Amino acid sequence: MKYDWGKTIQAMLSANGVPFEIVRTHKIDVVQHMMKKKIYVDLDILFTLNHMLEGAGYDVLLSHCGNPMMERNIPATDLFILDKRMPDVDGVEVCRHLKAQPATKHIPVIMISAGRNFITQALKAGVDECLEKPFQMNDLLRLVSKYTAQEMTSA
């Protein structure tokens, strides 16, 4: 039986919180992996942040849009980094939803967006920090370290 990796297997593993590193290599120290702080990042800012955060010692969980965060259980996460503008839903709405759920209301949210007009709305929704694009990656790393209480390492 032939399976389409992207549509079936990879989607099933991702839906069940299996990190891409485990799927890709099967050669990861599971205990070390479980000790890493987990950060959920949506796709708009994914590629740059994924590289930077993994280089700094974090385990990055990926999302291509906001709806998965609103429709199903989210794997154990220590921090959310959201973009205000997502392809399917407003990041402020995602934050509002996360802060209304018992399982995620205590998890910090950093929101990134171009333009200052989102800040008041984002803070009312429960965002812990806002970063306006463009920003320095070191500023984001400092916030991530602050909210995960993890020492920063060089990316």
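These numbers come from a predicted model, not from an experiment.

## Digging into the overall build of the protein
Part 1 of the argument: Within the protein, the secondary structure is distributed over 8 helices and 5 strands.
Part 2 of the argument: In the protein, the succession of helices and strands from N to C terminus is α-α-α-β-α-β-α-β-α-β-α-β-α.
Part 3 of the argument: Looking at the 155 residues of the protein, the share that counts as buried comes to 41%.
Part 4 of the argument: Considering only intrachain contacts with a sequence separation of at least 6, the fraction spanning at least 24 residues in the protein is 51%.

## Regarding the confidence of the model for the protein
Part 1 of the argument: Per-residue confidence for the protein averages 75 on the pLDDT scale, and 68% of its residues sit at or above 70.
Part 2 of the argument: Per-element averaging of pLDDT across the protein places helix H2 (residues 20–25) at the bottom with 52 and helix H8 (residues 137–148) at the top with 91.
Part 3 of the argument: pLDDT under 50 marks residues 25–30. Its contacts with residues more than four places away, or in other chains, come to 4 contacts.

## Regarding the pairing of strand E4 (residues 109–114)
In regular strands, side chains alternate between the two faces of the sheet.
Part 1 of the argument: For E4, the buried fraction is high: 5 of the 6 residues fall into the buried class.
Part 2 of the argument: The pairing of strand E3 (residues 79–83) with E4 spans 4 bridges and is classified as parallel. What sits directly across from leucine 82, in E4, is methionine 111.
Part 3 of the argument: Both E4 and strand E5 (residues 129–133) contribute to a ladder of 5 bridges, which runs parallel. Within E5, the residue paired with serine 113 across the bridge is glutamate 132.
Part 4 of the argument: This β-α-β element, E4 to helix H7 (residues 119–125) to E5, shows right-handed connectivity.

## Topic: the state of the cysteines
Part 1 of the argument: Applying the stated criterion across every chain yields a total of 0 disulfides.
Part 2 of the argument: Here cysteine 95 is not cross-linked by a disulfide; its sulfur's nearest cysteine counterpart is in cysteine 130, at 8.7 Å.

## Re helix H6 (residues 91–100)
Part 1 of the argument: Three or more residues of H6 are buried, namely Gly91, Val92, Val94, Cys95, Leu98 and Lys99. Summarising the axial view, the buried residues of H6 lie within an arc of 155°, below the 170-degree limit, and thus occupy one face.
Part 2 of the argument: Residues of H6 that are buried in the fold lie against helix H5 (67–71), E3, E4 and H7.
Part 3 of the argument: A distance of 2.7 Å separates the backbone nitrogen of valine 92 from a side-chain oxygen at the start of H6, and that oxygen is part of aspartate 90.

## Some thoughts on H8
Count 3.6 residues to each turn of an α-helix, and residues three or four apart come out pointing the same way.
Part 1 of the argument: Taking 1.5 Å as the rise per residue, H8 with 12 residues should run 16 Å; its terminal C-alpha atoms sit 16 Å apart, in good agreement.
Part 2 of the argument: Listed as buried for H8 are Leu140, Leu141, Leu143, Val144, Ser145 and Thr148.
Part 3 of the argument: Following H8 by one or two positions, alanine 149 has its phi on the positive side, about 55°.

The rules behind the values
Residues numbered from 1 in each chain as written. Predicted model: local features only at pLDDT ≥ 70, side-chain atom pairs only at ≥ 80, totals over all residues. Heavy atoms only, no water. Helix = DSSP H or I, 4+ residues; strand = E, 2+ residues; numbered from the N terminus. Buried < 20%, exposed > 50% of the residue type's maximum accessible area, 1.4 Å probe, protein only. Contact = heavy atoms within 4.5 Å. pLDDT = per-residue confidence, 0-100. Pairing = 2+ DSSP bridges. Right-handed = clockwise from strand over helix to strand, strands pointing away. Disulfide = S-S within 2.5 Å. Arc of directions from axis to C-beta. Polar contact = N/O pair within 3.5 Å; in protein donor to acceptor, adjacent residues only side chain to side chain. Expected span 1.5 Å × (residues − 1).

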